[in-house]
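Residue-level structure breakdown
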Amino acid sequence: MVSACEDSFDTNGLDVDSPSNVTSFEINGVAGTIDQKTATIAVTLPYGTDITAVNPEIILEEGATSNLILNSPINFTNAVKFRVINGNLYKDYTVNVTVLSPIKSFKINNVAATINDVSKTITLVLPEDTNLTALQPVIELTQGVSISPASGTTINFTNAVTFVITANGKTVNYTANVGVPVSGLTVAFLGTAATRAEITNMDEITAANWLFANFTGAKYISFDSVLNGADLSNVDVIWWHFDSATNLPAVAYNPAVTTALKNFRTNGGNLLLTSFASQYVDALGIVPSGKGPNNVFGDFLPAGWVDGNSWGMSFRSHESHPIFNGLTTYETGKAYLLQSGTYRLNHTAWWFVPEWGGYVNGAGWRDQTGGTNLASEGWDDNLDGRVTIAEWPNNNANKNVIVISMGAYDWYNETNGSGVPSQANEFIGNIKLLTQNSINYLAGN
């Protein structure tokens, strides 16, 4: 017998045949798969099912009760947790409901697309020499779903293509963006490792891999090579994505390095600084001394999950700025970057505007730093509370520095300290597009 309370999150010695078990769980007649050892319930429902207000049918062990309120509809958009109690025994269950995607797969020339059912987008990058004007996608659909244009149709993908999904008399549009790696630009990924292959931070590795997959002119440069006089004259944009530590490495402050990068900028070179690298604006003289990010923090393993709402940003009043082109938004001028339920380290190097630094508001921050604040946290309609994305000019005509500094800008979602994997981030497409737009904008494309 088990005489102590059962904890579903500590399965050592868990009595899976406890009288506080759920024995059956159904939604709309579809039975869930119950794992008694982990106390999880998984339910997969047909495409088009509304899971925002449903009444599950649940059967418990005799004598057990639960705190799940069954007399009113429940929203299963995110995981739902509830407790089953039987006498002095209890077990905490987590229900994860998945609605099938209408599109099982979308391929062109055997290259699989990324399908985002939240943003209703289909994204695919093909080899550089691909002719986009006459391609035939091979599309596999969920049962009961039709699509137009149909699988096998010859389509011009030079511009975005709208696919109409129909099921049960209802239609929804998916937008397909098919492209090839950006050519004509030399983009250097700056790092502390001697070579790209020696990068160890997973966020930096993931960002670098994306860059090399999408920009044919990508190259890697190390801080040591800059220190030793590397030729930067043929580089259009240098991107430093530093996610390894809150403090920047000593080599970044070496006078030979800062002089080389200042000269690079003076000669028309462009800088993209992301994550903790946003702090570099101070050492490079992009902002007046002491006016760099004033709130730098971040977790390191083990950290935590994004609970509740997804994390996003507000770029109200800058909706037409090129770096925000094509982002999937949830309100005008607002976009998510990190989905609820993903594992995050929250690496942040931004400006607290009204609280610290004497800025008072966005206008005061612009006056004191010489920059333009482009985005803040999602709640900040007036961009007076935080500075999460900003740009600075080399002169009045050439804006050649961009920083992206919020914790939601997260390329890689780690497992937690116990080895539990993160779910995929539904909004990684916004992070990729924001970065691609920033590089192209800096280079004048």
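A brief report on the enclosed structure follows. These figures come from a predicted structure and were not determined experimentally.

Taken together, the three bridges between strand E11 (residues 114-116) and strand E12 (residues 121-125) define a ladder with antiparallel strand orientation. If you follow asparagine 116 over to E12, its bridge partner there is threonine 121. Counting the residues between successive antiparallel strands, the hairpin from E11 to E12 contains four residues, one of them, lysine 120, with a positive phi of roughly 60°. By the bridge criterion, five bridges tie E12 to strand E16 (residues 170-179) in an arrangement that is parallel. Note on E16: the bridge partner recorded for isoleucine 122 is alanine 176.

The strand order across the open sheet formed by three strands is E21-E26-E28, and the pairing between neighbours is antiparallel. The sheet is open, and its two edges are formed by strand E21 (295-297) and strand E28 (386-387), each paired on a single side. Here strand E26 (residues 348-352) pairs with E28 via two bridges, running antiparallel. Paired with phenylalanine 352 across the strands is arginine 386, a residue of E28.

This part covers helix H3 (residues 255-266). Spanning 12 residues, H3 covers 16 Å between terminal C-alpha atoms, matching the ideal 16 Å at 1.5 Å per step. Those residues of H3 that fall on the buried side of the exposure criterion are Val257, Thr258, Leu261, Phe264 and Arg265. Buried residues along H3 cover an arc of 120° about the axis, so they all sit on one side. Opposite the buried face of H3, at more than 90 degrees from it, the exposed residues are Pro255 and Thr266. You can read the cap of H3 off the contacts: a side-chain oxygen lies 2.9 Å from the backbone nitrogen of alanine 256, and it is on asparagine 254. With its phi angle positive at about 100°, glycine 268 sits one or two positions after the end of H3.

Attention now moves to the sheet that holds strand E13 (residues 138-141). Across the sheet, three strands lie side by side as E10-E9-E13; this open sheet has antiparallel pairing. Among the strands making up the open sheet, the edge pair consists of strand E10 (111-112) and E13. Judged from the four bridges that link them, strand E9 (residues 103-108) and E13 form a sheet pairing that is antiparallel. The residue of E13 that forms the bridge with isoleucine 103 is leucine 141.

Our next topic: the side chain of serine 405. Looking at the element boundaries, serine 405 is found in the loop between strand E30 (398-404) and helix H6 (428-442). Since its relative accessible area comes to 0%, serine 405 is described here as buried. The contacts of serine 405, once residues within four sequence positions are left out, are Ser275, Ser278, His347, Thr348, Ala349, Trp350, Val387 and Thr388.

Our focus in this paragraph is the packing of aromatic side chains. Across all of its chains, the model carries 24 aromatic pairs by this definition. A centroid spacing of 5.4 Å and a plane angle of 75° characterise the contact between tryptophan 351 and tryptophan 365, whose relative ring orientation is edge-to-face. Of this pair, tryptophan 351 sits in strand E26 while tryptophan 365 sits in helix H5 (residues 362-369), placing them 14 residues apart in sequence. With respect to burial, tryptophan 351 and tryptophan 365 carry one shared label: buried. With a centroid separation of 5.0 Å and 20° between ring planes, the pair formed by phenylalanine 352 and tryptophan 356 is classed as stacked. A relative accessible area of 15% places phenylalanine 352 in the buried class. Put simply, the rings of Phe189, Trp210, Phe215, Trp239, Tyr409 and Trp411 touch in pairs and so form one group of aromatic residues. Stacked on the ring of phenylalanine 212, the Lys or Arg arginine 196 has its end atom at 3.9 Å from the ring centre. The aromatic ring of tryptophan 350 is capped on one face by arginine 386, whose charged end is 6.0 Å from the ring centroid.

It is worth spelling out the pattern of salt bridges at this point. Applying the stated criterion across every chain, the model contains eight salt bridges. Here arginine 344 and aspartate 299 are joined by a salt bridge, their closest N and O atoms 2.8 Å apart. With arginine 344 in strand E25 (residues 343-344) and aspartate 299 in the loop between E21 and strand E22 (304-305), this pair connects stretches of sequence that are 45 residues apart. Classification of arginine 344 as buried rests on a relative accessible area of 13%. Among the ionic pairs, arginine 316 bridges to glutamate 331, the shortest N-O distance being 3.1 Å. With a gap of 15 residues between them, arginine 316 in the loop between strand E23 (311-314) and strand E24 (334-338) and glutamate 331 in the loop between E23 and E24 connect regions that are remote in the sequence. When its relative accessible area of 37% is taken as the criterion, glutamate 331 is described as partly exposed. If you follow the salt bridges from partner to partner, you end up with Arg316, Glu331, Lys334 and Asp381 in one network.

Structurally, threonine 38 is set in the loop between strand E3 (33-35) and strand E4 (40-45). Residues threonine 38 and aspartate 92, 54 residues apart in the sequence, show an inter-C-alpha distance of 9.4 Å. Within the structure, threonine 38 has its side chain in polar contact with the side chain of threonine 40 (distance 2.9 Å).

Scoring rules and cut-offs
Residues numbered from 1 in each chain as written. Predicted model: local features only at pLDDT ≥ 70, side-chain atom pairs only at ≥ 80, totals over all residues. Heavy atoms only, no water. Pairing = 2+ DSSP bridges. Helix = DSSP H or I, 4+ residues; strand = E, 2+ residues; numbered from the N terminus. Expected span 1.5 Å × (residues − 1). Buried < 20%, exposed > 50% of the residue type's maximum accessible area, 1.4 Å probe, protein only. Arc of directions from axis to C-beta. Polar contact = N/O pair within 3.5 Å; in protein donor to acceptor, adjacent residues only side chain to side chain. Contact = heavy atoms within 4.5 Å. Phe/Tyr/Trp six-rings, centres within 6.5 Å; stacked < 30°, edge-to-face > 60°. Lys NZ or Arg CZ within 6 Å of the ring centre and 35° of its normal. Salt bridge = Lys/Arg side-chain N within 4 Å of Asp/Glu carboxyl O.

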